[in-house]
Amino acid sequence: SYIKNEPIIPAKSPAVDLDINNNGVSEVSGNNHTVTVSGGSFSSGSDGAAGSAIEFDGVNDFQNTDYIRVDDSGALPRGSDDFSISLKINFNSIDAISDKVLFATSQLDQCSLSVSRANKGLMFFSGGNNIIAPTSLSWNMGQWYDIAVTKVGNDYTIYRDGVVTGSANSSQTNGSSLANNDFTFGRRSDNAHPIHGKLDEIKIFKTGISATDITHL
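Colleague: What is the right way to read the sheet that holds strand β11 (residues 129-132) from this model?
Modeller: Paired through backbone hydrogen bonds, the strands of a sheet run either parallel or antiparallel to each other. Taken in spatial order, the seven strands make up an open sheet running β3-β6-β15-β8-β9-β10-β11, and their pairing is antiparallel. Both edges of this open sheet fall to β3 (35-38) and β11, since each of them pairs with a single strand only. If you compare each strand with its neighbour and ignore which way they point, the axes differ by 20 degrees on average. Note that strand β9 (residues 111-115) and strand β10 (residues 122-126) share five bridges and pair antiparallel. Paired with Ser 114 across the strands is Met 123, a residue of β10.

Colleague: What's the story with the packing of aromatic side chains in this structure? I'm lost.
Modeller: A ring pair, where both rings are aromatic, is described by two values, the distance of the centres and the angle of the planes. All told, the structure shown has seven aromatic pairs when counted by the stated rule. Aromatic pair Phe 91 and Trp 139: ring centres 5.3 Å apart, planes at 85 degrees, arrangement edge-to-face. One end of the pair, Phe 91, is in strand β7 (residues 83-93); the other, Trp 139, is in the loop between β11 and β12 (144-152), with 48 residues separating them in the sequence. Taken together, the aromatic side chains of Phe 83, Phe 124 and Tyr 156 make up a single cluster linked through ring pairs. Above the ring of Tyr 67, the side-chain terminus of Arg 69 is found at 4.5 Å from the ring centroid. Lying over the aromatic face of Trp 139, Arg 160 brings its terminal NZ or CZ to 4.6 Å of the ring centre.

Colleague: Looking at this model, I keep getting lost on the nonpolar core. Mind explaining?
Modeller: Across soluble globular proteins, you tend to see nonpolar side chains buried next to one another. Ile 89, Phe 103, Phe 124, Trp 139 and Phe 185 are the most contacted members of the largest nonpolar core, which has 39 residues in total. If sequence neighbours within four positions are ignored, Trp 139 has contacts with Ile 89, Phe 91, Ile 94, Val 115, Lys 120, Leu 122, Tyr 145, Ile 147 and Arg 160. The next biggest cluster of nonpolar side chains, apart from the first, holds five residues, and it includes Ala 148, Phe 205, Ile 209 and Ile 214.

Colleague: Which parts of the structure should I look at to understand the pairing of strand β14 (residues 163-169)?
Modeller: Remark: a regular strand shows side chains that alternate across the two faces of the sheet. The sheet contact formed by strand β13 (residues 155-160) and β14 spans six bridges and is antiparallel. Across the sheet, Tyr 156 pairs through a bridge with Ala 168, a residue of β14.

Colleague: Is there a simple way to explain the pattern of salt bridges in this structure?
Modeller: Should their charged atoms come close, side chains of opposite charge can pair. Enumeration according to the criterion identifies seven salt bridges in this entry. Measuring nitrogen to oxygen at the nearest pair gives 3.6 Å for the salt bridge that ties Asp 82 to Lys 151. Residue Asp 82 is located in the loop between β6 (67-70) and β7, and its partner Lys 151 is located in strand β12; the two are separated by 69 residues in the primary sequence. Under the relative-accessibility criterion, Lys 151 is labelled buried at 2%. A salt bridge links Asp 190 to Arg 188, with the shortest nitrogen-to-oxygen separation between them at 2.6 Å. Residue class for Asp 190 comes out partly exposed when judged on its relative accessible area of 33%.

The rules behind each value
Residues numbered from 1 in each chain as written. Predicted model: local features only at pLDDT ≥ 70, side-chain atom pairs only at ≥ 80, totals over all residues. Heavy atoms only, no water. Pairing = 2+ DSSP bridges. Helix = DSSP H or I, 4+ residues; strand = E, 2+ residues; numbered from the N terminus. Axes fitted to C-alpha atoms, helices over the stretch in contact; angles between N-to-C directions. Phe/Tyr/Trp six-rings, centres within 6.5 Å; stacked < 30°, edge-to-face > 60°. Lys NZ or Arg CZ within 6 Å of the ring centre and 35° of its normal. Core = buried A, V, L, I, M, F, W, Y, C linked by side-chain atoms within 4.5 Å. Buried < 20%, exposed > 50% of the residue type's maximum accessible area, 1.4 Å probe, protein only. Contact = heavy atoms within 4.5 Å. Salt bridge = Lys/Arg side-chain N within 4 Å of Asp/Glu carboxyl O.

Put into structure tokens, the structure is as follows:
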């Protein structure tokens, strides 16, 4: 959902800001990214407004066609760029068949955040490596959670509801080419590891955001 009077983080305008509503998904950052939506249905969002979130069914763990994709026209983070990526997630279920990918670049494992099938912890891949291993988490089905991952220099941090769930110092970076740096939300770009639940308030910043400012996303 999109709330016009949300707090503004000084000097940190999003490179991508998705407005989800019954009429579709619009990119409202002003950077004119093309957004592709496949499958899914509109549902009540994190603010309770009807049709302000998109819900994916999570079926067919390795042949799923539900997703949101944001194209990279040169404005999305890659290489050694700092970044912050935030979203709200509300799971209907988390099974043990496959990891659940919240987002990933088209070039696999270059920049991706997922929930581990083993312990339901959040884990992050960069440069082809799992640089933040998952620490066991519990999730309440039907509850909204604020999720964010940031990179500042070589420091990577994952937050859930403003609390750090994992961090790492690593020189591994997003090695995607420009042609393969589109960001897919809700599953991997190869149709695998889909989520079963709702997404809302997706934002991508081409800068790191502090732990204090994370709570204002």
